[in-house]
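# Topology and contacts: notes
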Amino acid sequence: MKNKKKYIEIFIDALAIDKSKFNEKLKYNDIPEWDSIGHMTLMSSLEDGFKISLETDDIVDFSSFKKGIQILKKYKIN
Amino acid sequence: MTVKSLWFNKPRLLQKIKKLNDHLRKNDGKIGTFRRGIELNYNNACNLRCKYCFTNSPKGDHVKDFLPLSKVKEIADEADELGFIEWDLQGGELLLWPDKLFNVLDAIKPERFYLYLTTNGYKADRKMIKELAKHGVSRMSVSIDSMDPKVHDEMRGRKDSWRRAMQALEYIQEAGMDPYLNITVGHYNAKSEDLRLLLDYSKQKKYKTLINVACPAGMWNQVHDVVCDEEDIEHIRKMRKEYKNLTRNLWNPFDNKYEKIMGCTTVNRIYITALGDVLACPYVHIKIGNVFNQTLKEITDYGFRIKYFRDYSPLCLAGEDLNFIKNFNSTPGKTIFKPVNAEDIFSKDDFVE
């Protein structure tokens, strides 16, 4: 993923977590910051950062950092 | 695998929440005239006798009135069309009437809303809570006054109410709903050790904490010394950053820095009584319409014409804005069932076209 560095930065910034808390195995609800509200903030940040508009189904399916990489491919974010 | 949270299983709701988030981003983080929620006092009867009840339930005020189911259904359908996100069902104590409550839930069709129940928890046993989860309730908010059971029970006027309320929160979490610990914070406890103990407990249990500031309304009508002063408010804001699981209705829930205030939500979150009267909020007992005579759109359009409800206010009008409280929200004898009409208390200049 070419945009991986940017993707990770958005993740850390949107969830307002310490870099040490981040790892690529991160899943929804693994940490208190990634709750349902944090999820919406993350989705908005991805939309702003990559200039895309996520569909509702994709927002629901976005259940982990890795799953997010697959979903972003649909929006030509590789 | 999809995201595991009850409200994420509600695609219609998710669309509306996204719309709110987009609105806030485009509107400098301010709520403006977004229609956010409905707080329904479906019935005002209660099994406790709380000293500061804002609905005058301990005085037996209109405890036999229920909003008809057909009207609830009609309101819910229109609310969904208008983009309302959430319903807060409250009383009184609605768990006194489980069958009626389940009928109301079915009428609202919770799959369209973030639907929650505010309760004292006394009758919220495990079986009841599981049933509520099955009926689409996403969250239950349980009011707690203190970490000291004696203080809570005395405030609530009934023994064992603290233990039952705390137990209810555990059942709520177990059932997969969002457990909220509701705390009223006034000048009398804003900086107390007891409040800090409550906040610590809530965080340790992984609950959310909803803070309602004490308002001189209902049983506390005219009791102005409960109102938080500037230092108290600043202290609460600091605790928001420190704890990160605190919410207030006027805070921007999407702000990951825990600082932004989207503004007082009068009219954004309307309060409907069992008589159908619509008040600007649960604590501003100013009537802006009645659901038996007008549509929700007409009522909220009218409410937003009043500049105090339309304009951005970083302070809660009912609990923090002393000018508003003194000028408009201190009428003796005013209750949720005897509200002041908006056209009687505001001047023509207070309305905008």
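Residues numbered from 1 in each chain as written. Chains lettered and ligands numbered in written order. Predicted model: local features only at pLDDT ≥ 70, side-chain atom pairs only at ≥ 80, totals over all residues.

Okay, the overall build of chain A next. Secondary structure assignment for chain A yields four helices and zero strands. The helix and strand sequence of chain A, counted from the amino end, reads α-α-α-α. On the principal axes, the C-alpha backbone points of chain A span a range of 30 × 25 × 20 Å. Taking all 78 residues of chain A together, the buried fraction comes to 22%. Summarising the internal contacts of chain A: among those between residues at least 6 apart in sequence, 50% fall at separations of at least 24. (Helix = DSSP H or I, 4+ residues; strand = E, 2+ residues; numbered from the N terminus. Buried ≥ 20, exposed ≤ 12 C-beta atoms within 10 Å, placed from the backbone. Contact = placed C-beta atoms within 7 Å.)

Within chain B, the regular secondary structure consists of twelve helices and eleven strands. Taking 353 residues into account, the globule formula puts the C-alpha radius of gyration at 20 Å, and chain B, at 19 Å, falls close to it. The contacts of chain B with a sequence gap of at least 6 include a subset with a gap of at least 24, amounting to 72%. (Rg over C-alpha atoms; globule rule 2.2 N^0.38 Å.)

Another aspect to go through is the interface of chain B and chain A. Of the residues lining the interface, 18 residues belong to chain B; the matching set on chain A comes to 18 residues. Its residues assigned to classes, the side of chain B that touches chain A shows nine nonpolar, five polar and four charged. (Nonpolar A, V, L, I, M, F, W, Y, C, P; charged D, E, K, R; others polar.)

So, on to helix α2 (residues 36-50) of chain A. The terminal C-alpha atoms of α2(A), which comprises 15 residues, lie 21 Å apart, in line with the 21 Å expected from a rise of 1.5 Å per residue. Considered for burial, the residues of α2(A) that qualify are A:S36, A:G38, A:H39, A:M40, A:T41, A:L42, A:M43 and A:L46. (Expected span 1.5 Å × (residues − 1).)

Residues and elements named next belong to chain B. By the criterion of burial, strand β4 (residues 139-143) is predominantly enclosed, with five of the five residues buried. Residues R139, S141 and S143 point to one face of β4 and M140 and V142 to the other, with burial holding for every one of them. The pairing of strand β3 (residues 114-119) with β4 spans four bridges and is parallel. When the bridges of β4 are listed, L117 appears paired with M140. The parallel pair β3 and β4 is bridged by helix α4 (residues 126-134), and the resulting crossover is right-handed. Looking at chain direction, β4 and strand β5 (residues 178-185) are connected through five bridges and run parallel. (Pairing = 2+ DSSP bridges. Right-handed = clockwise from strand over helix to strand, strands pointing away.)

On average, residues of chain A score 92 in pLDDT, and 100% of them reach the 70 mark or higher. Least confident of the elements in chain A is helix α3 (residues 56-61) of chain A, whose mean pLDDT is 89; most confident is helix α4 (residues 65-74) of chain A, at 96. (pLDDT = per-residue confidence, 0-100.)

Looking now at the packing of helix α5 (residues 149-156) of chain B against helix α6 (residues 161-174) of chain B. All names here are of chain B. Orientation of α5 relative to α6, taken along the N-to-C sense of each, is 105°, at an axis distance of 8 Å. Taken together, α5 and α6 sit at an angle that is classed as roughly perpendicular. Facing P149, H152, D153 and R156 of α5, the residues of α6 in contact are S161, W162 and R163. Of the residues contributing to the contact of α5 with α6, the split by class is two nonpolar, two polar and three charged. (Axes fitted to C-alpha atoms, helices over the stretch in contact; angles between N-to-C directions. Parallel < 35°, antiparallel > 145°, perpendicular 65-115°, else oblique.)

Residues and elements named next belong to chain B. Looking at where R305 falls in the secondary structure, it is placed in helix α9 (residues 296-305). Considered as a pair, R305 and T247 are 58 residues apart in the sequence and their alpha carbons are 28 Å apart. The residues contacting R305, other than those within four sequence positions of it, are R310, F351 and V352.

In this section: the environment of B:D28. Residue and element names in this part refer to chain B. One can find D28 in the loop between α1 (11-26) and β1 (37-41). Look at D28 and you get exposed, because 10 C-beta atoms sit within 10 Å. Distance from D28 to K260, taken between C-alpha atoms, is 9.9 Å for residues 232 residues apart in sequence.

Residues and elements named next belong to chain B. Judged by pairing direction, the sheet is mixed, and its eleven strands sit side by side in the order β7-β6-β5-β4-β3-β2-β1-β8-β9-β10-β11 without closing on themselves. Bordering the open sheet on either side are β7 (246-247) and β11 (340-341), each of which pairs with just one other strand. Here strand β8 (residues 269-272) runs beside strand β9 (residues 277-281); their pairing, made up of two bridges, is antiparallel. Within β9, the residue paired with Y271 across the bridge is L279.

All names here are of chain B. For β9, the tally of buried residues reaches five of five residues, placing the bulk of the element in the interior. Counted along the chain from β8 to the antiparallel partner β9, the turn is four residues long, and its residue G276 has a positive phi close to 90°. Here β9 runs beside strand β10 (residues 284-290); their pairing, made up of four bridges, is antiparallel. By the bridge assignment for β10, C281 is matched with V284.

We now examine the nonpolar core. All names here are of chain B. Residues V185 and A318 are the most contacted members of the largest nonpolar core, which totals 116 residues. When residues in this core are grouped by element, the largest group, six residues, is from α6. Those residues in contact with A318, other than ones at most four positions away along the chain, are C215, A217, C281, Y283, V284, I325 and N329. (Core = buried A, V, L, I, M, F, W, Y, C linked by C-beta atoms within 7 Å.)

Here we come to α5(B). Residues and elements named next belong to chain B. Burial in α5 covers these residues: H152, M155 and R156. Considered in projection along α5, the buried side chains sweep an arc of 90° and stay on one side of the axis. Buried residues along α5 sit in contact with α6. Within two residues after α5, G157 carries a phi angle of roughly 75°, on the positive side. (Arc of directions from axis to C-beta.)

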